[in-house]
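# Report on the structure
One-letter residues, chain by chain:
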Amino acid sequence: MIGRALELAKMTSAKPLLVMRDIEKRFQGVHALAKASLEVEPGEIMALVGQNGAGKSTLIKVLTGAHGRDGGSIDFDGKPVAFGSPQEAQRGGVSTIYQEINLVPFRSVTENIFLGREHRRFGLLNWPRMNAEAAELLRRFAVEIDVRRPLMEFSTAIQQMVAIARAVSFKAQLVIMDEPTSSLDDREVGVLFDVMRRLRAEGVAVIFVSHRLDELYQVCDRVTVMRDGRTIMVSPMAEVDKLQLISAMLGRDLETVRSHATGFSAAAGAAGEEVLSAEGLRIGRRVRDGRLEVRAGQIVGLTGLLGSGRTETARAIFGADPPDAGSIRLMGKPVDPREPATAIALGVGYCSEDRKADGIVPDMSVRENITLAILPRLVAMGVVDETRQRAIVAKFMKRLAIKASSSEQKIRELSGGNQQKALLARWLCADPRLLILDEPTRGIDVGAKAEIQSLIRELANQGLGVLMISSELEEIVEGADRVFVLSDGRTVADLPHEQATAAAIMAAMAHEGAPLEDAGTTGENANG
Amino acid sequence: MADASVVNERRATSAALNFLRRYAALTALIVLLAFNFAVTPHFASFQTLNVNLTQVATIVIVSVGMTLVIATGGIDLSVGSLMAIAGALAPLIFLSPFGVAHPALGDALAFVVPVAAAGLLGGFNGWFITRFKVQPIVGTLVMFIAGRGIGQVVTNGNLQVFHNPAFQFIGLGRVFGVPFQVIVMLVLVALAAWAIRRTLFGRYILAVGGNERAARLAGVPVNRVKRWVYAISGLCAGIAGLVVVSINSSSDANLVGLGMELDAIAAVAVGGTPFTGGQASVVGSLIGALLIQLLRYTLLANGVPDAAALVVKGAIIAGAVWSQQRGKRA
């Protein structure tokens, strides 16, 4: 399938606008990109997709000069190029529009479009000319606004149009859009797509990064799939279906998933009483209809593509970002957690996805990090009982085999795997009944990974309810007793362990954007 | 194994830098003391010690609260204004008809009410910052400006002159020859240092400053901790305000605590508490304040004008921040 796609790509490539070949990029010796390639024709919309960490943004940053490259070649418009900075790339005809709009909100639309290359007359700024040109430019994209108003008065979509107009006014031949739709509503997305089609009609090429697969089919001509720093597949959009795309992104053939690749033992204990149930969750724009259930002694997997709302769902249950709608029951009681402290008091623990930002307190010792959540229980008259604290820390450091020079070592000096174990210990010493693990094995070495996986199973066997979010299919397929699949913010499948094959999970993911009515018919999805 | 030795080496250098960072101010203080014993005439006297300690006490008292605020990653610009409010309220109470009629009760209230008021206003700072997610520098700027206005309004802008030995004991009294305010200062430093090290509240302060998002997800009541920290900073400022008006035997809401916020911040900076939060050294702030004070005294005692001393003070702060940056990079 991949070979055929590459051939097709070659057939159509008469004279490509951009050719990136065999790009290599290492960070501290670790390959972020290895033999990544990307070709874009003039006037084509190229989708660039891949999982978190696949190397999409690194590849784009190498192209625009935000990162240097360690190998490979870049030809743009027939000439080899090496842009030194995004500004240089912009002058050379490559403009980037980031997810977070990087314009000046307080200044007028005109100023934002002409920032850095204002028209002058007699040494003064020529406002009438710039305003007229800005208005004209935006009219090309069917945007009629007062360009003298500050940018911040307009909607995100309009601001994005202004960013695009600015990009185009640099005589861009290639516009890169990094997840431009993530903060737009459906109507605004439609406007953006019109603009992209207009750009294409004018011969401008677009690289479109998005996690919403349905969107790709609406506007893109071709798709490039990346995985683990490599380009895995290039194909005309119309010739791949969503299932093929997903399996290329996740790197799984539809039929085969290696068995016993993880530290999970398959045995599923009998499920106990319900510890969590959530229904009809709606959280911001990311989660529209989330449903979940976890019972004691069970590992429940929650999976979905990037941006499907997994982390948002977990944070809502834990009270970190309260949901806009829906009902949550913890330990059988209806709750409305508004602060993590509330959920913790009910016996919930949450290991976040981003250890550094949301997990460790870097300058504190391993001891303090482990006991942070249970500190109030170790206190008499406001004073921390350090004897008990040390005893607990010693017990859990031993049980989880946390490698540190001592419990007093600062946690930031530990390896990723040991940091993760310390964070697990933080929750285990709180003796929770429900533990939410968001990507518990991401970014840690293979040995620690297997250790953590078998520990999770052991804990479940002892009666702990575990909600495990993972984008690694093996982990979900082997480890989970029950699997919920999220797609575009909806729970689209609820599979028992026996039915939760890689094929079934990917099929469920491919039902992205399915109408709400279909979301409930999980049995059919499972066999799709 | 090469990796391990690299890590060890890096740990060793970072430990050395940490040592320097932690003890730079103390080393400088000792060097400066030695210099003075050798050069400055009449330096080795009880009187010199008392003069210096008396002058530094209010700065240290305020910087105790400031250290806690900075340890949460915040800052408190309002301390000088809160000193003025406390300093204005106290004479109003003991000079009032009620205070004159019941001197003991009046003096007691003249201690408690102004300090409590300053604490409440500090708590308001914290509420304002956490409720509206205002940056601390902006949130406390409001009280910095408004607070001095409040002080002037309650006194109608009048200078209050008084003579009240019982009340003024806080600024003029001595216990075994040691100025009472110095004892207050030492008690507050010891209490805060102990609280940071041993109490739940202290550990929460460092967790909030060290990683606010992680702390919240671990169940730390982040907003409550912040509100308390600003309230404590207000309490410290209130006590310092009483000390100042007692020493002066007068209260001028225009002048009490003027520029104190910057002196306290300077003491904290020189003392080695990083402004990014997550670490707190109250004893460091004490040493920082002593160093700045002694340097100024040294220059004055040796005939260097006060204006030039300010430049040196600036240089010390720059040096302290530089050594912190070095420490962070390691």
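Our structure's up above, just so we're on the same page.
Everything in this summary refers to the structure shown in the same document. Because the structure is predicted, anything quoted here is derived from the model rather than measured. (Residues numbered from 1 in each chain as written. Chains lettered and ligands numbered in written order. Predicted model: local features only at pLDDT ≥ 70, side-chain atom pairs only at ≥ 80, totals over all residues.)

### Some points on the overall build of chain B
Let me state the cut-off plainly: In this description a helix means any DSSP run of H or I spanning at least four residues, a strand means any run of E spanning at least two, and both kinds are numbered starting from the N terminus. In this description the radius of gyration comes from C-alpha coordinates, and the expected globular size is given by 2.2 Å times residues to the power 0.38. Field definition: a residue is buried when 20 or more other C-beta atoms are found within 10 Å of its C-beta, exposed when 12 or fewer are, and partly exposed for counts in between, with C-beta atoms placed from the backbone. By definition, residue pairs are in contact when their C-beta atoms, positioned from the backbone, come within 7 Å.
Looking only at helices and strands, chain B features 14 helices and 4 strands. Computed over the C-alpha atoms, the radius of gyration of chain B is 21 Å, within 12% of the 20 Å expected from 2.2 N^0.38 for a compact globule of 330 residues. Seen through its principal axes, chain B has C-alpha atoms that stretch 80 × 55 × 35 Å. Looking at the 330 residues of chain B, the share that counts as buried comes to 47%. Looking at chain B alone, contacts between residues at least 24 apart form 78% of all its contacts between residues at least 6 apart.

### With respect to the nonpolar core
Counted only if it meets this: Think of a nonpolar core as buried Ala, Val, Leu, Ile, Met, Phe, Trp, Tyr and Cys residues chained together by C-beta atoms that fall within 7 Å.
In terms of nonpolar packing, the biggest core is built from 245 residues, with Val175(A), Val206(A), Phe208(A), Val60(B), Ile61(B) and Ala86(B) touching the most fellow members. Here this core gets 16 residues from one element, more than from any other, and that element is helix 11 (residues 222-248) of chain B. Every residue in contact with Val60(B), bar those within four places of it in the chain, is listed here: Met185(B), Val189(B), Ala267(B), Leu286(B) and Ala289(B).

### Re the pairing of strand 3 (residues 45-50) of chain A
Residues and elements named next belong to chain A. Which entries qualify depends on this criterion: Here the rule is simple: two strands pair whenever DSSP picks up at least two bridges between them.
The buried fraction of strand 3 amounts to 6 of the 6 residues, a majority that puts the element mostly inside the structure. Neither face of strand 3 is open: one carries Ile45, Ala47 and Val49, the other Met46, Leu48 and Gly50, and all of them are buried. One ladder, built from 5 bridges, connects strand 3 with strand 11 (residues 222-227); its direction is parallel. Counted as the bridge partner of methionine 46 is arginine 222 from strand 11.

### Observations regarding the interface of chain A and chain B
So the rule is basically this: Residues are grouped as follows: Ala, Val, Leu, Ile, Met, Phe, Trp, Tyr, Cys and Pro are nonpolar; Asp, Glu, Lys and Arg are charged; every other residue, Gly included, is polar.
Counting residues at the interface gives 24 residues for chain A and 19 residues for chain B. Of all the elements in the fold, those that place two or more residues in the side of chain A that touches chain B are helix 11 (340-345), helix 12 (355-359) and strand 20 (383-384) of chain A. Residue composition of the side of chain A that touches chain B, grouped by class: 17 nonpolar, 3 polar and 4 charged.

### A short note on unusual backbone geometry
Here the phi dihedral of Met381(A) falls at roughly 55°; this positive angle occurs in a residue that is not glycine. Turning to its location among the elements, Met381(A) is positioned in the loop between strand 19 (379-380) and strand 20. Residue classification places Met381(A) among the exposed residues on the basis of 6 C-beta atoms within 10 Å. Although it is not a glycine, Asn156(B) adopts a positive phi angle of roughly 55°. Structurally, Asn156(B) can be placed in the loop between helix 6 (136-154) and strand 1 (160-161).

### Notes on helix 6 (residues 156-169) of chain A
Residues and elements named next belong to chain A. For clarity, the cut-off: Multiply 1.5 Å by the residue count of a helix minus one, and that product is the helix's expected span.
Taking 1.5 Å as the rise per residue, helix 6 with 14 residues should run 20 Å; its terminal C-alpha atoms sit 20 Å apart, in good agreement. Of the residues making up helix 6, those classed as buried are Ala157, Gln160, Met161, Val162, Ala163, Ile164, Ala165, Arg166, Ala167 and Val168. Check the buried side of helix 6 and you find it contacts strand 6 (94-97), helix 4 (109-114), helix 5 (127-139), strand 9 (174-178) and helix 7 (186-201). At the exit of helix 6 stands lysine 171, carrying a positive phi of roughly 60°.

### Here we look at the sheet that holds strand 11 of chain A
All names here are of chain A. Inclusion rule: Working convention: axes come from line fits to C-alpha atoms, limited for helices to the stretch in contact. Angles between N-to-C directions cover 0 to 180 degrees.
Taken together, 6 strands build an open sheet; the order of strands is 6-9-10-3-11-12 and the sheet is mixed. The open sheet has two edge strands with one neighbour each: strand 6 and strand 12 (230-236). Adjacent strand axes in the sheet meet at a mean angle of 20° when their direction is disregarded. Relative to strand 10 (residues 205-209), strand 9 is paired through 5 bridges, and the arrangement is parallel. In the strand pairing of strand 10, aspartate 178 is matched with valine 209. The sheet strands contacting helix 6 are strand 6 and strand 9, and the helix crosses strand 6 at an angle near 170°. Across the sheet, helix 7 lies against strand 3, strand 9 and strand 10, angled at about 150° from strand 10, the strand it touches most.

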